[in-house]
Structure formats: C-alpha cells, structure tokens
Amino acid sequence: MEKVILTGDRPTGKLHIGHYVGSLRRRVELQNSGEFDKIFIMIADAQALTDNADNPEKIRQNVIEVALDYLAAGLDPEKVNIFIQSAVPELTELAFYYMNLVSVARVQRNPTVKTEIEMRGFGGESIPTGFFCYPISQAADITLFHGTTVPAGEDQKPMIELTNEIVRRFNNVYGEVLNECQVLLPESSACRRLPGTDGKAKMSKSLGNCIYLSDSAKELKKKVNSMFTDPLHLTVESPGHLSGTYTDEEGVSHDYQNTVFIYLDAFCQDSDFEKFLPDYKNLDEMKAHYCKGGLGDGTCKKFLLNILNDRLEPMRQRRAEYEKNIEGVYDILRKGTDAAREVGQKTIAEVRHAMRIDYFDDKDLIAEQAKRFAEKK
C-alpha cells in the first residue's frame, strides 16, 4: 500500500505560527524525507464556506494568501500537490455517501465539533448543516486520496477517529475499498496547541491574538513586546513563574501559563543561545534563572523576537518572490488540483462499484436486465 499524506487548512485568513508549529513545519519535513509516495495539501475552501456562506469573497481572497503561506513555508510544488477543495467535486459526492453511515448523535459527541460550535457562538438551531457535518466531509477528504498519514494538531484527533470509524463501516457494508489512517502529531507538546499572544488557550484569527507567518519584522516586534508573561513577576529581581494562578482586580482567580516560554519551548534550539543569548547554554538554564529571579521579561521577549525573526525572514523572502508571479501561483494550484482530481475520479469509481451504483459501467448488470425482460416476453 502506498504511503499517502493528506492535510490542509481552511482559507479564512493568513496562516499563523500556530499553524506552522502545529503541522506546517512537519509537512515540509515530511515532503523532504522521501518516505511518502504522494502528498496532497488541500486548501479547504468548501469547508470554510460552511460557516462563511454569506461572505464568499473572504474565502476567495484568502485562497491565494494560504497558497502563498504554503510556498513561503517551504512546500515544494514539485514534491506535493496543493489543490483547491471545491474544484474536486468527487469530495462532495463521497461525503454525501458517508452521511448515510454516521448518526447525528455520533457527530454531536465529537469534542472538536462541540468546541468549534461554541467558539462561533452557534445556538442549537442556528448551526449550519454543512458546518455540523464537516467531520464527515473531512473523512471524505482523507479517504478519497487513500490517505495513510494526516499531520495535524491535537484537536484533530477526534476527526481521525471518526474517519476510521467510517472506513470500517463502509468496508463492512460494501467490501474492502478504503484504508484507515493515522494522525501524526507534533513531537513537542508545546507545538500541539500554541496559545495566543494574550495567553488565551488558542491562537485564533477571530480573537486577534495571532502572529502571522507573513508579519513584517515591525509587526512581529509589536506583538512580541505585548505578549502575556507572568503577572506576578513585578521586578527583574523577583522570582518569575512559568505557570501559576493570579487574582485580578475583581478578585477572580485565573490559572495562567507564561506565553513567552511556551513559544520558546516550541521554537528555541540550543544553537539559538550561542547566536542570540550566550549567557545560557540552553533553555533549561534560562528557565532556572528566570524562576530564581534576576532575569527580566524584556530580555526573554527580545530573545524570542530574535528567534522568530530568524525563522520567519526566509519565509518573508520566499513569499515576496512568489508575490511577483501570482499567475504562476494559480498555475501551481491548477496543476495540483488536476492531480487531485485524477486520483479522486479513480477512487470514486471504486466506491461506486462497491456500492453497486455504477450502472452505466456494469455491463453484466445491463445484460442481465436485458435478458430478464426479454424472458418475460
């Protein structure tokens, strides 16, 4: 069996560093590993429309932004197929078939769906059907390409579980056609869910707490300097905390994590100290000094800023080059979409045959029916 990667993102805005450490960085590593036979990277515009149906222009404009972020991050169109979801109609067809194999109750139990519904403020009767069923659509995305590996964040694990349930159900009813897949999580726990710059649990475009891959050095500096750290670390000399609890002005207690150090966990390497902060050999030494006292938040933020600029500057340069040839970027998307459709058409033919709905291709069926009606005469 071929080793195939399927993954992607909704084009609701530019990609941020949470996307990068959560899955995009790993995608680049995997494309360069040579271990996979095919890699499909999907811009999930149809899925994005499930909760943006009244603003299609937002999705239309952000398709190119996501494509540029992919290319800037190092995805190579000679090694991966970057395609647009809505341009592969076989995905919609397969999702429709899968809806008959999954109960409403099963979708309702999906914790990722619950979280996403809550984040968007949907009430019980206001949830768009398309959005409610997007885990089923995601299962179609993976299985249409016989995906075996899905690089994704922690929050996508329930989606993969449902995908494999659908695969088992389909194969049990119609025969062995589809294969199960596995999620490939980031190696570092800090990368699995990078918080926002404000310390909120999740980096989110809607919350305005993102650092985007395309941010300029000036924009990045402003965001890092405003990052949430330790509200109890009032002076340089006082002990700092990597996490803890503080009480706000209204007397309400809040658990917190020091966002700067979470970002350092996600991005920092030992070599960065020699380059930007030679007072320490590694992050453990730096953390120990911070917790003991004598290390200011400003120094920590400056160190993080240097590291992020070091990682993002090559992306800025690659993005600038691709921005000079937008027509060429659309050609890349067209080529990737054509490759996706070729695979999708083959899989749909296999699915239709297994489900016994390939009427015009089943010559035995036609001959059998012709014989049956001829005998009636």
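First things first, this report covers the structure right here in the doc. Owing to the predicted nature of the structure, the values given are computational and were not obtained by experimental measurement.

**Structural notes on the overall build of the chain**
And step 1. A tally of helices and strands in the chain yields 17 helices and 7 strands.
And step 2. Reported as C-alpha extents along the three principal axes, the dimensions of the chain are approximately 100 × 50 × 40 Å.
And step 3. A separation of at least 24 residues holds for 76% of the contacts in the chain among residues at least 6 apart in sequence.
And step 4. Working note: accessible area of the chain is about 19,300 Å², and carbon and sulfur atoms make up 49% of it.
And step 5. The distance from the centre of the 48 positive side-chain charges to the centre of the 58 negative ones in the chain is 2 Å.

**Let's talk about the pattern of salt bridges**
For side chains of opposite charge, pairing can occur when their charged atoms come near one another.
And step 1. Scanning the entire structure with this criterion turns up 20 salt bridges.
And step 2. R311 is the salt-bridge partner of D272, the closest N and O atoms lying 2.6 Å from each other. Taken together, the positions of D272 in helix α13 (residues 270-276) and R311 in helix α15 (residues 297-323) put the pair 39 residues apart, joining distant regions of the chain.
And step 3. The salt bridge involving R319 is made with E323; its shortest N-O contact spans 3.0 Å. Linking R319 with E323, this pair stays in helix α15, spanning 4 residues, or about one helical turn.
And step 4. Each member of the salt-bridge network shares a partner with another, and the members are E65, D69, R319 and E323.

**So, unusual backbone geometry**
And step 1. Although it is not a glycine, H146 sits at a positive phi angle of roughly 55°.
And step 2. If you trace the backbone, H146 turns up in the loop between α8 (134-144) and β4 (149-151).
And step 3. Even without a glycine there, the phi angle at R356 is positive, about 60°.

**Observations regarding the state of the cysteines**
Throughout this description, disulfide means a covalent bond between two cysteine sulfur atoms.
And step 1. In the structure shown here, the tally under the stated rule is 0 disulfides.
And step 2. For the unlinked cysteine C268, the closest cysteine sulfur is that of C300, found at 11 Å.
And step 3. A residue is classified by how much of its surface remains accessible, and C268, at 17% relative accessible area, is buried.
And step 4. With no disulfide of its own, C300 lies 9.8 Å from the sulfur of C291, the closest cysteine sulfur.
And step 5. On the basis of relative accessible area, C300 is assigned to the buried category, the value being 1%.

**Some thoughts on the side chain of T7**
And step 1. With respect to the element layout, T7 can be found in strand β1 (residues 4-9).
And step 2. The buried category is assigned to T7, whose relative accessible area is 5%.
And step 3. Side-chain polar atoms of T7 contact the backbone oxygen of P151, separated by 2.9 Å.
And step 4. In contact with T7, other than residues within four places in its own chain, are R27, F40, I41, M42 and P151.

**Examining the environment of R356**
And step 1. Tracing the sequence through the fold places R356 in the loop between α16 (326-355) and α17 (363-376).
And step 2. By relative accessible area, R356 is classed as exposed at 64%.
And step 3. Note: C-alpha distance between R356 and Y174 (182 residues apart in sequence) is 8.6 Å.

**A look at helix α4 (residues 89-98)**
And step 1. The buried fraction of α4 is high, at 7 of 10 residues.
And step 2. Residues of α4 that are buried sit in contact with β2 (38-43), β3 (81-84), α8, α9 (157-174) and α16.

**So, the nonpolar core**
And step 1. Ranked by size, the top nonpolar core spans 60 residues in total, and within it I17, Y70, L194, L264, F267 and M286 carry the most contacts.
And step 2. Looking at this core, the element that brings in the most residues is helix α3 (residues 56-73), giving 9 residues.
And step 3. Leaving out residues up to four positions away in the same chain, I17 has contacts with L194, M203, I211, L213, Y263, F267 and L312.

**Some details on the pairing of β1**
And step 1. Extensive coverage of β1 is indicated by the burial of 5 of its 6 residues.
And step 2. For the segment spanning β1, helix α1 (residues 17-33) and β2, crossover handedness is right-handed.

**A closer look at the environment of D248**
And step 1. Relative to the assigned elements, D248 resides in the loop between β6 (243-247) and β7 (253-257).
And step 2. Overall, D248 belongs to the partly exposed group, its relative accessible area being 25%.
And step 3. For the pair formed by D248 and S216, sequence separation is 32 residues and the distance between their alpha carbons is 33 Å.

What counts and what doesn't
Residues numbered from 1 in each chain as written. Predicted model: local features only at pLDDT ≥ 70, side-chain atom pairs only at ≥ 80, totals over all residues. Heavy atoms only, no water. Helix = DSSP H or I, 4+ residues; strand = E, 2+ residues; numbered from the N terminus. Contact = heavy atoms within 4.5 Å. Areas by Shrake-Rupley, 256 points an atom, 1.4 Å probe, with all protein chains shown as cover. Lys, Arg positive; Asp, Glu negative; His and termini not counted. Charge placed at Lys NZ, Arg CZ, Asp CG, Glu CD. Salt bridge = Lys/Arg side-chain N within 4 Å of Asp/Glu carboxyl O. Disulfide = S-S within 2.5 Å. Buried < 20%, exposed > 50% of the residue type's maximum accessible area, 1.4 Å probe, protein only. Polar contact = N/O pair within 3.5 Å; in protein donor to acceptor, adjacent residues only side chain to side chain. Core = buried A, V, L, I, M, F, W, Y, C linked by side-chain atoms within 4.5 Å. Right-handed = clockwise from strand over helix to strand, strands pointing away.

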